[in-house]
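The chain contents come next:
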Amino acid sequence: MKLQLALDGTLEDGLQALRPAQPWVDVVEAGTPLLLREGVRALRRLRAELPDTPLLADFKIMDAGDLEARIAFAAGADLVTVLGVAGDATIASALAAARECGGEILVDLMAVPRPLQRVECLQALGCQRFCVHRAHDGCGDPVAPLRELRAALPELQLAVAGGIDERSIEALAPYNPDTVIVGSAITGSAQPGLAARRIMEKMRAHV
């Protein structure tokens with residue numbers, strides 16, 4: 001399991017949390033609120049700060065897949081998110097842009113009513129990475145769709161996000177997510193380095 005740190009506050013606050021947490025972080029995410037607040041300059045700053053760390057832009061693309069994906073990749077992102085509820089043409093164009101730019105897309109399954117059926121459809125388009133995501137404003141448990149997808153597609157590359165903290169790892173670990181996405185449990189901690197280390201230790205205990 002990899003640990004992805006989602007930065008959703010201001011850029012400077014995010015960097016202050018990221019620096020002590022970095023030794024335990026595998027992927028850094030420029031979250032949607034950060035990008036809305038700071039623009040793609042946040043991606044450029046993070047890329048300058050972390051030249052060798054995978055960087056995800058949480059654009060949540062819903063339209064103009066080619067155009068928006070290229071904006072993310074040009075600013076330094078390695079991965080960009082596309083919503084699974086977007087049209088197939090949008091997702092296919094984002095995927096084509098990713099291939100051309102040497103990046104990847106992560107399909108966010110938030111609000112997808114039948115995740116397994118949608119994943120199978122998008123696999124046929126060429127999508128490989130998916131994220132089970134409990135919405136910030138919503139309810140629900142990411143474990144149920146994670147369980148369903150892992151049982152049906154054991155080799156699927158799956159991330160999980162939404163309110164995850166150290167206590168969540170126990171419930172998620174049996175379904176072996178490839179990436180665990182954590183935000184405020186680290187960035188909101190008085191000791192973000194310690195919080196990231198404790199989460200990573202929990203993850204490693206279940207490998």
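Residues numbered from 1 in each chain as written. Predicted model: local features only at pLDDT ≥ 70, side-chain atom pairs only at ≥ 80, totals over all residues. Heavy atoms only, no water.

**Q** I keep staring at the overall build of the protein and nothing clicks. Help me out?
**A** Regarding its fold elements, the protein presents ten helices and eight strands. Taken against the 2.2 N^0.38 rule, which gives 17 Å for 207 residues, the C-alpha radius of gyration of the protein at 16 Å falls within 12% of a compact globule. Referenced to the eigenvectors of the C-alpha coordinate spread, the extents of the protein come out at roughly 45 × 35 × 30 Å. Here the protein holds 207 residues, and the buried ones make up 50% of them. Pairs at least 24 apart in sequence give 64% of the contacts found in the protein among residues at least 6 apart. A total of about 9,600 Å² of accessible surface is found on the protein, and carbon and sulfur atoms cover 50% of it. In the protein, the 21 positive side-chain charges and the 27 negative ones have mean positions that sit 3 Å from each other. (Helix = DSSP H or I, 4+ residues; strand = E, 2+ residues; numbered from the N terminus. Rg over C-alpha atoms; globule rule 2.2 N^0.38 Å. Buried < 20%, exposed > 50% of the residue type's maximum accessible area, 1.4 Å probe, protein only. Contact = heavy atoms within 4.5 Å. Areas by Shrake-Rupley, 256 points an atom, 1.4 Å probe, with all protein chains shown as cover. Lys, Arg positive; Asp, Glu negative; His and termini not counted. Charge placed at Lys NZ, Arg CZ, Asp CG, Glu CD.)

**Q** Even after reading the chapter, I still don't get the packing of helix H5 (residues 88–101) against helix H6 (residues 115–125), so can you show me in this structure?
**A** Helix packing for two helices is described by the angle between their axes and how far apart those axes are. Where H5 contacts H6, the axes come no closer than 10 Å and their chain directions differ by 45°. Classified by the angle their axes make, H5 and H6 are oblique. The two elements H5 and H6 meet at a crossing, and its hand is right-handed. For the pair H5 and H6, contact is made by Asp88, Ile91, Leu95 and Arg99 and by Arg118, Cys121, Leu122 and Leu125, respectively. A breakdown of the residues in the contact of H5 with H6 according to their chemical character gives five nonpolar, no polar and three charged. (Axes fitted to C-alpha atoms, helices over the stretch in contact; angles between N-to-C directions. Parallel < 35°, antiparallel > 145°, perpendicular 65-115°, else oblique. Left-handed = near helix turned anticlockwise from the far one by under 90°. Nonpolar A, V, L, I, M, F, W, Y, C, P; charged D, E, K, R; others polar.)

**Q** What is the right way to read H6 from this model?
**A** An α-helical turn contains 3.6 residues, so a residue and the one three or four places further along point in the same direction. Residues of H6 that are buried: Pro115, Leu116, Arg118, Val119 and Leu122. Looking straight down H6, one finds its buried side chains confined to an arc of 160°; they lie on one side. (Arc of directions from axis to C-beta.)

**Q** Where do I start with the sheet that holds strand S1 (residues 2–7) in this structure?
**A** Strand pairing in a sheet relies on backbone hydrogen bonds. The paired strands run either parallel or antiparallel. Ordered in space as S1-S2-S3-S4-S5-S6-S7-S8, the eight strands form a closed barrel in which the pairing is parallel. Mean inter-strand twist for the sheet, computed between neighbouring axes without regard to direction, equals 30°. Where S1 and strand S8 (residues 179–182) come together, four bridges link them in parallel fashion. Note on S8: the bridge partner recorded for Gln4 is Ile181. Across the sheet, helix H10 (residues 192–205) lies against S1 and S8, angled at about 150° from S1, the strand it touches most. (Pairing = 2+ DSSP bridges.)

**Q** Even after reading the chapter, I still don't get the layout of surface pockets, so can you show me in this structure?
**A** Over the atoms rolls a probe the size of a water molecule, and in doing so it shows where empty space is left. Taken as a whole, the second largest pocket holds about 260 Å³ of empty space. What lines the second largest pocket is a set of 16 residues, among which Lys2, Val27, Leu79, Arg129 and Thr179 lie closest to the centre. Mapped onto the lining of the second largest pocket, the elements with two or more residues apiece are S1, strand S5 (104–108), strand S6 (129–133) and strand S7 (157–161). Of the residues contributing to the lining of the second largest pocket, the split by class is eight nonpolar, three polar and five charged. (1 Å grid on protein atoms, 1.4 Å probe; cavity = no way out; pocket = protein on both sides within 12 Å on 5 of 7 lines; lining within 4 Å. Points joined across faces, edges and corners; volume = space filled by probe spheres on them.)

**Q** Help me out: how do you make sense of unusual backbone geometry in this one?
**A** Note: most peptide bonds trans; most residues except glycine with negative phi. Residue Lys60 is not a glycine yet carries a positive backbone phi of 50°. Turning to its location among the elements, Lys60 is positioned in strand S3 (residues 55–61). A relative accessible area of 22% places Lys60 in the partly exposed class. Although it is not a glycine, Ala111 adopts a positive phi angle of roughly 70°. Checked against the element boundaries, Ala111 lands in the loop between S5 and H6.

**Q** Explanation requested: the nonpolar core in the structure shown.
**A** The nonpolar side chains of a soluble globular protein tend to be buried, and buried together. Of all hydrophobic cores here, the largest spans 62 residues; its most connected members are Leu3, Leu43, Leu46, Val80, Ile105, Phe130 and Ile186. Once residues within four sequence positions are removed from consideration, Ile186 is found in contact with Leu3, Leu5, Ala21, Pro192, Ala195, Ala196 and Ile199. Formed by nine residues, the second largest nonpolar core is a distinct cluster that contains Leu106, Cys131, Ala161 and Ile181. (Core = buried A, V, L, I, M, F, W, Y, C linked by side-chain atoms within 4.5 Å.)

**Q** Which parts of the structure should I look at to understand H10?
**A** Over its 14 residues, H10 runs 20 Å from end to end, which matches the ideal 20 Å to within 8%, given 1.5 Å per residue. All of the buried residues in H10 are Pro192, Gly193, Ala195, Ala196, Ile199, Met200 and Met203. Along the long axis of H10, the arc covered by the buried residues comes to 165°, so they all point the same way. On its buried face, H10 is in contact with S1, helix H1 (11–21), helix H8 (169–172), S8 and helix H9 (184–187). (Expected span 1.5 Å × (residues − 1).)

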